[in-house]
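# Chains, contacts and geometry: an overview
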Amino acid sequence: MRILSAFLVFCAIFLLVSLGLHSQAQGPPQPTPEQRAAIDRGRTQFQQACGFCHGPDATGARGPDLVRSALVAHDVNGDLIGEVIRNGRPDKGMPALPLTAAQISDISAFLHARSKEAVESSGVPSDYPFEKLLTGHADKGKAYFEGAGGCSRCHSPTGDLAGIAHKYNAIELQAHMLYPDDKPVLATVTLPTGEQFSGIVSHIDDFTVGIRIGDKNGWYRSFPRSEVKLELKDPLAAHRELLPKISQTQMHDLFTYLYSLK
Amino acid sequence: MKFSLAKFLRLMAMPLLLALGLLPVRVAGQGLDPAALLKPPTDNWPSYNGDYTGRRHSALDQINASNVNSLTLAWAFRIRGSVIKSTPLVVNGVLYFTTPDNVWAVDAHYGHQIWHYHRASEGDHIGQRGVAMYKDYLFFETPDAHLICLNAKDGTVRWDVQLADSKLGYFSTMAPLVIRDHVISGVSGDVTDIPGFLVSIDPETGAVQWRWNTQPKPGEPGSETWPKDSDAIRHGGGMTWMTGTYDPALNLLYWGTGNPNPVLAGEGRSGDNLFTCTIVALNPDTGKLVWYFQPSPHDVHDWDAVQTPVLFDADFKGKPRKLLAQASRNGFFFVLDRETGEHLVTEPFIEQTWASGVDQRGRPIAKPEATPSPDGALVSPGSDGATNWMAPSFDPQTGLFFVNARRLFSVYYNTVTTKAEGWGGRDRILWANSTIRALDYRTGKVVWNHEIGDGESIAGMLTTAGRLLFTADNSGNLIALNPANGETLWHLNMGGELLASPMTYQLGGRQYVILPIDNVLYAFALPQK
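In this text the structure is predicted, and so the values were computed from the model without any measurement.

### What about the environment of glutamate 267 of chain B?
All names here are of chain B. Secondary-structure assignment places glutamate 267 in the loop between strand E16 (252–256) and strand E17 (279–282). Note on glutamate 267: 14 C-beta atoms within 10 Å, which makes it partly exposed. Note: C-alpha distance between glutamate 267 and valine 300 (33 residues apart in sequence) is 9.4 Å.

Structure below.
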């Protein structure tokens, strides 16, 4: 029996360590289906038993916000939360609640999940809805595209931008609209002999320039900048000029127009 | 005790031999003479910024504009694991530097390890800026927000105290500041809504001497800048991320505080949110607030105001003034009278799009449309800031203030659907590019500009009396610039990034410049004859 427990503990540790290592590469660990089910049961239970005072999402109402609670932060599997639920806090007007161990465990899973959500609110989810960004007017966006924005000088709704809204999620579509940073800088290098090399910039600083001759598949060659003449053509120059100029309204109109091109 | 003639003769002869300089003199203690903290750094670099002024300027000139081209490697010291973001201390020939969980003592002449201290911890390991020193002791902050006192001689632990509860999201990155018998220590936090504070610790015992809270208590001055009937003020952020500065004559401690929380979602914390994003002047003996100035009232862009408040005395409008200057993360350069807090200059040091002007108190006025929104607000600078924790420098020879500045455009999203907690959104960075800028402290205008390439640099700066400015570009080159005009005098491709702020010292007649690249400390010097 003892050997079996030791073996199970070993397996559990091994599993945790592997999950831990795995999660380092993959971002924060996501709940398992069992944990998710416990969180869902806990949410329902919490809303019924605790939501009236602590708010249905646990951010506080008459009672304190539990997402920011020090007690929840220190709780492990309901050990502290359970004590408060079972005994109440008569001095603060909280009654003891006759919940089962399983219910308390689910509530604590829900509260920890809520704290985790707050911690992870520093990222915009990849499935952020397009609808939230569609606050402009497509017709005004079209006018800006063809007029003041100068977009139509390089882009065409039936050419390079056809179906553009299918290619990215909402946040990335807006980012690519403003600054499509996947466009390489073109360079022409002229040696003192007059010999010329053209290609795309692979490295550039004050001292050297390295280019791939022809295109991104070409051979790399570098030159000391003090000894050559260098001409650069940056396809993103117009976007950089636009960034400080475009208004929030123009940006939202343009996005709404681009979205309509799908 | 048995009499020994030989021993007697040795004892008698020793003073004579010492006087003749024939015996190697061993220094009994290698601790820090407190007076060294009040002097410009030369043979020592006894605090995070070298001295209390935060200028990151050295009076050393052995390495100078005429010979910097012959700079060579004196030694290198490699560590495994994380990159080096700390500024080393050098005291009596020993160099002390850190990474999260680790302190090393290294021979500052030759780069040999003397000891290594390691303490594994939970908490955010984002960076570690360095140790502080008092007599024979070092002070080190940890990712789980402890302050550890080590014996500088061998790295053994004298005491270990908890500054804050890491389970709540506190961690520590900063190098404390020693003022007399106060170890002034700050704390960090990011994703959880916890209040910031600064604490003064007794160097002998680890006991708390005083604590200054970023947020006032309800009813105290400043509390009126938070909503009433809400818990916002108790969860308002304002971390004390970076080492402050000190004026011994005025006995005032200057400190910048971090952004309020929730970070991008400000709807639940209407008001200026004092004393977040604020430069405060405190009495270092009591922790009492003397004056304050707020660079970013009601910040919603993560623009903490923790950048070094740099101190210098100079003429302003024809009058000699005691000044304090900060190039702040929000893109504005501020100059204050450090005796009174009177505002003198507010000027953007980078093209910014969030402020429509400056109010009567010298604070930028935020445009409502630059507030993060569900559909996105395009703003310069992005949340990483127009500058950040990397050290600026003030050079008394040219009278110029140098800042590592960024052009940085971001779209800020407020993604909150319920009560905002944590960040409440994020910005998507579009484009960043970095430049070294020299500012005229009298106007804030850019005197010269030196481009260092696309991306966000976090390289700090050092100026020296050798008419040099040391830093790095974004392509792996260390560079030395002429502080008067920004021209490059020396460069070397190191194949990695300067992620820390350089420092310098002179030992045995040789000047060393320490430039950490990724996980290696490099000591440069002139060739030995």
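### Some details on the packing of helix H2 (residues 33–49) of chain A against helix H6 (residues 101–119) of chain A
Residue and element names in this part refer to chain A. Where H2 contacts H6, the axes come no closer than 7 Å and their chain directions differ by 100°. In terms of their interaxial angle, H2 and H6 are classed as roughly perpendicular. Residues Gln35, Ala38, Ile39, Arg41, Gly42, Arg43, Gln45 and Phe46 of H2 touch H6, and the partners they reach there are Gln103, Asp106, Ile107, Ala109, Phe110 and Ala113. Here the contact of H2 with H6 is composed, by residue class, of seven nonpolar, four polar and three charged.

### Digging into the sheet that holds strand E34 (residues 503–507) of chain B
Residues and elements named next belong to chain B. Spatial ordering of the open sheet is given by E2-E36-E35-E34, a layout of four strands whose pairing is antiparallel. The open sheet terminates on both sides in strands that have one partner only, identified here as strand E2 (72–78) and E34. For this sheet, the mean angle separating the axes of adjacent strands, direction not counted, is 25°. By the bridge criterion, five bridges tie E34 to strand E35 (residues 510–517) in an arrangement that is antiparallel. Across the sheet, residue threonine 504 finds its bridge partner in E35, namely valine 513.

### Notes on the nonpolar core
What tends to happen in soluble globular proteins is that the nonpolar side chains get buried as a cluster. Grouped together as the largest cluster of nonpolar side chains are 166 residues, with contacts concentrated most on Val131, Met133, Leu138, Ala325 and Phe401 of chain B. Sorting elements by how many residues they give to this core places strand E27 (residues 400–414) of chain B first, with 10 residues. Discounting residues that sit within four places of it in the chain, valine 131 of chain B has contacts with Leu89, Tyr96, Thr98, Val103, Leu138, Phe139, Phe140 and Ala175 of chain B. If you look at the next biggest cluster of nonpolar residues, it comprises 16 residues, including Leu66, Val67, Ile81 and Ile85 of chain A.

### Looking at the pairing of strand E20 (residues 319–327) of chain B
Residues and elements named next belong to chain B. In this sheet, E20 lies alongside strand E19 (residues 310–316) in antiparallel orientation, the contact comprising seven bridges. Directly across from valine 310, in E20, lies its bridge partner alanine 325. Taking the residues that link successive antiparallel strands as the turn, the E19-E20 hairpin has two residues, and the phi of lysine 317 there is positive, at about 50°. Strand direction decides the pairing type here: E20 and strand E21 (residues 332–337), joined by five bridges, are antiparallel. Its bridge partner lying in E21, glutamine 326 is registered against phenylalanine 334.

### Let's talk about the pairing of E35 of chain B
Residues and elements named next belong to chain B. Among the eight residues of E35, seven are classified as buried, and the element is accordingly described as predominantly covered. The hairpin formed by E34 and E35 contains two residues between the paired strands, and glycine 508 there has a positive phi angle of roughly 55°. Taken together, the five bridges between E35 and strand E36 (residues 520–525) define a ladder with antiparallel strand orientation. By the bridge assignment for E36, isoleucine 514 is matched with alanine 523. Connecting E35 to the antiparallel partner E36 that follows it, the hairpin turn spans two residues, and aspartate 518 within it adopts a positive phi of roughly 50°.

### What about the environment of proline 157 of chain A?
Residues and elements named next belong to chain A. Note that proline 157 resides in the loop between helix H7 (138–146) and helix H8 (170–178). You can call proline 157 partly exposed: it has 18 C-beta atoms within 10 Å. On a C-alpha basis, the gap between proline 157 and tyrosine 257 in space is 9.8 Å, while along the polypeptide they are 100 residues apart. Among residues more than four places away in sequence, those in contact with proline 157 are Ala162 and Leu261.

### Concerning the domain arrangement of chain A
When the parts of a complex come together, some accessible area is lost, and that lost area is often used as the size of the interface. What the domain assignment lists for chain A is domain 1 (30–122), domain 2 (130–181 + 238–260) and domain 3 (186–234). Look at where the C-alpha atoms of domain 1 of chain A and domain 3 of chain A centre, and you get two points 62 Å apart.

### Remarks on the sheet that holds strand E10 (residues 157–162) of chain B
All names here are of chain B. The strand order across the open sheet built from four strands is E7-E8-E9-E10, with neighbouring strands paired in antiparallel fashion. Each edge of the open sheet carries a strand with a single partner, namely strand E7 (132–134) and E10. Sheet twist, expressed as the mean angle between neighbouring strand axes with direction ignored, is 20°. Sheet topology places E7 next to strand E8 (residues 137–141); three bridges connect them, and they run antiparallel. Pairing of alanine 132 across the sheet is with phenylalanine 139, part of E8.

Rules and cut-offs
- Residues numbered from 1 in each chain as written.
- Chains lettered and ligands numbered in written order.
- Predicted model: local features only at pLDDT ≥ 70, side-chain atom pairs only at ≥ 80, totals over all residues.
- Helix = DSSP H or I, 4+ residues; strand = E, 2+ residues; numbered from the N terminus.
- Buried ≥ 20, exposed ≤ 12 C-beta atoms within 10 Å, placed from the backbone.
- Axes fitted to C-alpha atoms, helices over the stretch in contact; angles between N-to-C directions.
- Parallel < 35°, antiparallel > 145°, perpendicular 65-115°, else oblique.
- Contact = placed C-beta atoms within 7 Å.
- Nonpolar A, V, L, I, M, F, W, Y, C, P; charged D, E, K, R; others polar.
- Pairing = 2+ DSSP bridges.
- Core = buried A, V, L, I, M, F, W, Y, C linked by C-beta atoms within 7 Å.
- Domains from an automatic or database assignment.

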